[in-house]
Amino acid sequence: MILKLEAQQPFDAAVHAAYGCYWLPSPLWRMKAPVVWGPVGGGTRTPRSLWPCLGWQGLIGEWQKSIALKLACLLPATRRTWKRVAIRVAETENSRLALPARLQQETRVINRCLLTGLLTPTVKPNARQSYLIFPSLLDARKAPRLALRALALTPPSVKLIFLSGGHEQKTLQKMVNKLNLASRVEFRGRVPREQLFDMMAQAAGVVFTG
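Residues numbered from 1 in each chain as written. Predicted model: local features only at pLDDT ≥ 70, side-chain atom pairs only at ≥ 80, totals over all residues. Heavy atoms only, no water.

## Quick notes on helix α2 (residues 55-72)
Short version of the rule: Put simply, DSSP marks the helices as runs of H or I at least four residues long and the strands as runs of E at least two long, and each gets a number from the N terminus on. The span you would expect from a helix comes to 1.5 Å times its residue count less one. Here the term buried applies to any residue with accessible area under 20% of the maximum for its type, exposed to any over 50%, and partly exposed to those in between, with areas from a 1.4 Å probe on protein chains only. The arc in question is formed by the directions pointing from the helix axis toward the C-beta atoms.
Compared with an ideal rise of 1.5 Å per residue, which puts 18 residues at 26 Å, α2 spans 26 Å between its outermost C-alpha atoms and is within 8% of the ideal. If you check which residues of α2 are buried, you get Gly55, Gly58, Glu62, Leu69 and Ala72. Projected down its long axis, α2 shows its buried positions confined to an angular sector of 95°, all on one face. Those residues of α2 that are exposed and aimed more than 90 degrees away from the buried face are Trp56, Trp63, Lys70 and Leu71.

Here it is, written out as structure tokens:
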């Protein structure tokens, strides 16, 4: 479709505005007009020092993803995208460094948070509360197990509220009982964005591993 439109009315430039990953091709590489590609992510890796926090399923998932990404980077369409776009934009330094060395220096880094609109909390707390919130997906790579281990080292008044779901939840619930944190941890599931910002305004802190 985009190539047909370009044939009818040539473009001055095109922007691949959808959030994507550096290892996925963009259909815009076929265009004659200069193309801005990004910001793209996907370059984040779990540091080896944190591998024990993943569990065996998380380690297998990390290994499988590593192989899948290496294979995806071999796709001809992916390599053509890297080579033919006029401007490459990565959302993190890790994603920039995941590109071939010859392209890294010419790739710009712009975090997607700059493109995100923020909500103003509806509540005006007089003081911060003693709870922490964890809004990330309950996935091994988001390190919710590490958050629980850290909570066990804090004063009894500190609580942790998980504001999302995921396949790690059952394992985390078992950890909560094992660490005697049942009275200090809540699993509320995903909440509306407005409620999330209100809770952030009142929380002592946010454990965000996006």
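## Details of the side chain of Thr107
So the rule is basically this: Think of a polar contact as two N or O atoms within 3.5 Å of one another; within protein, one of them needs to be a possible hydrogen donor and the other a possible acceptor, and neighboring residues in sequence only count if both atoms come from side chains.
Within the fold, Thr107 resides in the loop between α5 (101-104) and β5 (108-109). Thr107 sits in the buried class, given a relative accessible area of 7%. Polar contacts involving the side chain of Thr107 include one to the main-chain carbonyl oxygen of Leu103, which spans 2.7 Å.

## Comments concerning a nonpolar patch on the surface
Put simply, the test is: Two joining distances apply to patches: 9 Å for like charges and 5 Å for nonpolar side chains (Val, Leu, Ile, Met, Phe, Trp, Tyr), and every residue must have over 30% relative accessible area and no salt bridge. Each accessible area value is a Shrake-Rupley result obtained with a 1.4 Å probe; residue values ignore everything except the protein chains displayed when judging cover. For this analysis, a salt bridge means a side-chain nitrogen from Lys or Arg found within 4 Å of a carboxyl oxygen belonging to Asp or Glu.
On the surface, a cluster of nonpolar side chains totalling about 460 Å² of accessible area is made up of Met1, Ile2, Leu3, Leu5 and Phe11. By the secondary structure assignment, Phe11 is in the loop between α1 (2-8) and β1 (14-16).

## Digging into the packing of aromatic side chains
Note the cut-off: Note on aromatic pairs: the rings of Phe, Tyr and Trp (six-membered ring only in Trp) are paired at centre separations within 6.5 Å, and the planes decide the class, stacked below 30 degrees, edge-to-face beyond 60, tilted for the rest.
Evaluation of the coordinates by the stated rule reveals two aromatic pairs. Here the aromatic rings of Phe162 and Phe187 are separated by 5.0 Å at their centres, their planes lie at 15°, and the arrangement is stacked. Here Phe187 lies in strand β8 (residues 185-187) and Phe162 lies in strand β7 (residues 159-162), a separation of 25 residues in the sequence. The buried category is assigned to Phe162, whose relative accessible area is 0%. These aromatic residues form a ring-pair network of at least three members: Phe134, Phe162 and Phe187.

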